[in-house]
Amino acid sequence: MGWASAFWLVTLLGIIAFVGLFWRLPTLPISESIALRKKMSLLLDRQVLVILLVSLLAAIASLGMYTFLAPFMTLFIMLILAWSLILLPFIAF
């Protein structure tokens, strides 16, 4: 048993889920494909474009926030660790 057993467990659960879905899901009829030009024409609709841009900006902002905060959080954790080591003799005895 080791760390690899967790991966094998996830693999086994995935296989069980795949077999269950393959067995229980009905077959779907093949639908008519939509031309790329028609799909891209959705971008001409102003509401669709605004929703896509807001979603893009939200994704960029969340990733940017984590990138910006990572150095500060690392420094904060190091300061807490340093203070813990400094105060440990006074608290322990």
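Residues numbered from 1 in each chain as written. Predicted model: local features only at pLDDT ≥ 70, side-chain atom pairs only at ≥ 80, totals over all residues. Heavy atoms only, no water.

Engineer: An account of the packing of aromatic side chains is needed here, citing residue identities and associated values.
Structural biologist: For the coordinates displayed, the defined rule picks out two aromatic pairs. Where Trp-3 meets Phe-7, the ring centres are 5.8 Å apart and the plane angle is 85 degrees; that geometry is what we call edge-to-face. Highlighted residues: Trp-3 and Phe-7, both in helix H1 (residues 3-24), separated by four residues, approximately one helical turn. Assigned by exposure class, Trp-3 and Phe-7 land together as exposed. The interplanar angle of 20 degrees and the centroid separation of 6.2 Å between the aromatic rings of Phe-18 and Phe-22 together place this pair among those described as stacked. Linking Phe-18 with Phe-22, this pair stays in helix H1, spanning four residues, or about one helical turn. Considered together, Phe-18 and Phe-22 belong to a single accessibility category, that of exposed residues. Positioned over the ring face of Trp-23 is Arg-24, at 5.6 Å from the centre of the ring. (Phe/Tyr/Trp six-rings, centres within 6.5 Å; stacked < 30°, edge-to-face > 60°. Helix = DSSP H or I, 4+ residues; strand = E, 2+ residues; numbered from the N terminus. Buried < 20%, exposed > 50% of the residue type's maximum accessible area, 1.4 Å probe, protein only. Lys NZ or Arg CZ within 6 Å of the ring centre and 35° of its normal.)

Function cannot be inferred from these measures alone, as they are strictly geometric.
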